[in-house]
Structure formats: C-alpha cells, structure tokens
Amino acid sequence: MDPTNSAERTDGPDTGDTPIRLLVVEDSELDHELLLRSLRKQRLEPDAVRVEDAAALQAALASGRWDAVVSDHHLPRFSSGEALRIVRSSGHDLPFIIVSGTIGEEAAVAAMQAGADDYLIKGRLARLGPALRNAMSAAAARRERGAAQRALAESERRLRALTDHLQQAVEAERAAIAREVHDDVGGMLTALRFDLSWLERHGEEAVRARARQGLDTLNQAVLAVQRLLRNLRPPALEAGIVDALDVLVRQFSSRTGIDAQLTSNREHVELAEPIAITVYRVAQESLTNVAKHAKARRAKVDLMVQDDTLSLEITDDGVGIRAEDVDKPGSFGLRGLTERVRQVQGWLDIALGERRGAVMLTIPLTERAAFRLLDESDA
C-alpha cells in the first residue's frame, strides 16, 4: 500500500500540549483514532501517520523525522516483530511501543528482549502517554550517550594520530641530530686528536704531559659522544636487531653491574625499520626501568621469531611492577611504549606482581599472522 495515499495524518489545534511526531503501525482506522484521542487526553498532541505494511513503514521512516513508533501486534500482512526489525535496521533510535489486545506474556517478553521499549493492552491506553514520555526520554539519553561516545572515540583517534606523528617526528629528529653530531662534532674531535697527538710528539716535556692529559679528556668526550649517538640512533641497528640488542644488553650489564643476558632463536632477523626501532626502544626502556626501580641482580632479554610473529620478553628477579607504578602521574615511559607498539600493530603486556618484573612485546610480522593472533584472542 502506498504510504502517501493510505497514511492518515491527524492534526489537532494548538492547545499548548506536547507535540509528538508519531508513526503508527495499525490496520484499523478506528483503533488508530481511539489511540490519538487517548493521547490528546494525556496532554500529548500527536502529528501521526498510519501505515499497515512493511513497504509503507520503510517509506515513512525514510521520508521524515519521527519521535516514536506505536505498533499493533497482529496485522493481516504484518506483525510488531517485523515492524521492530525494520525500525531498528533503519538506523533510527526510535522508541517502539507495542499496543495490542492479543499479545501474550511470552510474546511481550520476547519483544522487549528484541528491543521494544514497552507494551500495552489496547483497553489500557491511559498508560500510553507516560510510556511514550519515558521511552522518548530514554531514547534521548541513549542518543546523548552515543554522541558522547562518538566524540570520545574521535578524540582518542585524533590523540593517537598526534601521538603517532610525534613519535615519528621524534625519531626523525633523533636521526638528524645523530647525523649532525657524528659529522660535525665527530669531525672536530678527530681534528683535535690529531693536534694533541702532534703536540705530544713534538712539544717540550711540559707540553707533552699536558697533551696527554688532553688526549685522556678527549677519549672521555669521544665515549660520551658515542653513548649519545647510541641513544639517539643505535648504530648497531644497521647490523640487525639481534646484534643491536646484544650490544644494548652488554652495555647495560657493564654500566649497572646487573647480570643481563640475551637469548634468541635467530642469529639474524630482517625487520622493517619502524618495527626494529620499536623492539629496540621497548628493550631499552624496560632495562632502564629495571636499573632504576627493580633492585634486581639479574635480567634477561628473550627474542623469539616464530610463525611470522616476533616476541620480546624482558624479565628480572627484582621487586616486580605494581599497578600504581604504571598508573602514577608522570609515568609516561611504559605508556609511551604502548602507543609506539600500537603503531606497528603490536601489543605490550606488563606482568604486575610483587616479585619478578616482566614486559612482553608481541608483533605480527605479516597480515596472516595478525589475523591468526586476532582469532586466537577472540577464541
């Protein structure tokens, strides 16, 4: 039936009552009129359209804005269940109330579970007005929550995009600074070494002694520059992530006195640069936290690559990581690592407990591995 021809609109005078745009699924014109009269008595002024089948309901939903839908339960060519499915699938968050003289308790419960807001017996229409007001208020609250959730999701998306941009900018700036330090400062230190060496060979004894002191100081400066370069852009990454982690662990053990070891099931792993840098930074930050907070005697870094999946685990025998350590204000190290790992489609797990700290990194190296890990997590 054409909704334009069959739909019946009822407009009342301006009485100051609450206006409501109402879509009524009803095959009886008499029942439709009784429903509207009851609403007017309850201080509602309905601007209503009556439809009788699925096509008319779909056309009406697409043609305008509605405040609510009221549906009979049994119609010759239609039912309230079908009407409810059409309304919910339309994308409109509309209150849906069933008004019927034939619906049983089981059917009513099923309708409520399917998403109906309320159901009434036709002989008790005095409750329809309050039911509509409550349902519209609840729908408005749902829409507000939905809008707030969408705004929050968009804000989080923008924050992640900004974080990704900042991480990339930081790495690019580190690489640029490392090149400048290596080329400029490194060149000047090399020239200074030549000058001091010449003075040590050709100067008087006092000059040679002073030159030797200068060379000792220069050697310390060179070591400091090398440490700075390693922190800015680890040169060992050029040799591969396994060698880079090996150098990192040995330097950590030498600097802190903590017995640290690296184990790996591969001697060489080919990784894209963003993934290699992420793995290195996770290991670097985790070992820094061990040195600062763990009070550990031993630490271990395990690198495993299997089934197109990279796993990195950093453990220690110290005091462990507490939830308050991760959540405390100013604790951005591990949070920053989580965002960095997210950029390469991986995830970071931090084992919380009073004994033994553990940080576990997992990164799928192929799309197939990513889908497999996602399926395993959903199982």
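Everything below is about the structure shown above.
Bear in mind the structure is a predicted one, so any value in this text is a computation, not a measurement. (Residues numbered from 1 in each chain as written. Predicted model: local features only at pLDDT ≥ 70, side-chain atom pairs only at ≥ 80, totals over all residues. Heavy atoms only, no water.)

**Quick notes on the packing of aromatic side chains**
Geometry of an aromatic ring pair is reported as the spacing of the ring centres plus the angle between the planes.
Move 1: Counted according to the given criterion, the structure contains zero aromatic pairs.
Move 2: Taking NZ or CZ as reference, Arg21 lies 4.2 Å from the ring centre of Trp66, over its face. (Phe/Tyr/Trp six-rings, centres within 6.5 Å; stacked < 30°, edge-to-face > 60°. Lys NZ or Arg CZ within 6 Å of the ring centre and 35° of its normal.)

**Quick look at the packing of helix α3 (residues 54–63) against helix α4 (residues 80–89)**
Move 1: Running from N to C, α3 and α4 cross one another at 25°; their axes reach a closest spacing of 10 Å. The angle between α3 and α4 falls in the class roughly parallel. Seen from above, α3 lies across α4 with right-handed handedness. Every residue of α4 that contacts α3 at Ala54, Leu57, Gln58 and Leu61 is listed here: Ala83, Ile86 and Val87.
Move 2: When the residues that make up the contact of α3 with α4 are grouped by side-chain class, the tally is six nonpolar, one polar and no charged. (Axes fitted to C-alpha atoms, helices over the stretch in contact; angles between N-to-C directions. Helix = DSSP H or I, 4+ residues; strand = E, 2+ residues; numbered from the N terminus. Parallel < 35°, antiparallel > 145°, perpendicular 65-115°, else oblique. Left-handed = near helix turned anticlockwise from the far one by under 90°. Contact = heavy atoms within 4.5 Å. Nonpolar A, V, L, I, M, F, W, Y, C, P; charged D, E, K, R; others polar.)

**A short note on unusual backbone geometry**
Move 1: Positioned with a positive phi, Arg43 is a non-glycine residue whose angle comes to about 65°.
Move 2: Within the secondary structure, Arg43 is located in the loop between α2 (29–41) and β2 (44–51).

**So, the sheet that holds strand β12 (residues 357–364)**
Move 1: Overall, mixed pairing links the five strands, which are arranged β8-β9-β10-β12-β11 in an open sheet. Looking at the sheet topology across the chains shown, the edges are occupied by β8 (259–264) and β11 (347–351). When strand polarity is set aside, the average angle formed by the axes of neighbouring strands in this sheet is 10°.
Move 2: Both β8 and strand β9 (residues 298–306) contribute to a ladder of six bridges, which runs parallel. Bridge pairing links Asp259 to Arg298 in β9.
Move 3: Across the sheet, helix α8 (residues 241–256) lies against β8, β9 and β10 (309–316), angled at about 170° from β8, the strand it touches most.
Move 4: Here helix α9 (residues 273–294) sits on the sheet and contacts β9, β10, β11 and β12; the angle it forms with β10, its principal contact strand, is near 10°. (Pairing = 2+ DSSP bridges.)

**With respect to the nonpolar core**
Move 1: Within the largest apolar cluster, 38 residues are counted, with the highest numbers of intra-cluster contacts made by Ile241, Leu245, Val279, Val282, Leu287, Leu312 and Leu361.
Move 2: Contributing elements (two or more residues each) for this core: α8, α9, β9, β10, α11 (333–343) and β12.
Move 3: For this core, the element with the highest residue contribution is α9, accounting for 10 residues.
Move 4: Once residues within four sequence positions are removed from consideration, Leu361 is found in contact with Val279, Val282, Leu310, Ser311, Leu312, Val341, Trp347 and Leu348.
Move 5: Listed in part, the 21 residues of the second largest apolar core include Val49, Ala60, Val69 and Leu84. (Core = buried A, V, L, I, M, F, W, Y, C linked by side-chain atoms within 4.5 Å. Buried < 20%, exposed > 50% of the residue type's maximum accessible area, 1.4 Å probe, protein only.)

**Overview of helix α7 (residues 205–232)**
Move 1: Taking 1.5 Å per residue as the helical rise, α7 with its 28 residues ought to reach 40 Å, and the 40 Å between its terminal C-alpha atoms agrees with that figure.
Move 2: Residues Ala211, Leu215, Leu218, Val225, Leu229 and Leu232 constitute the buried set of α7. (Expected span 1.5 Å × (residues − 1).)

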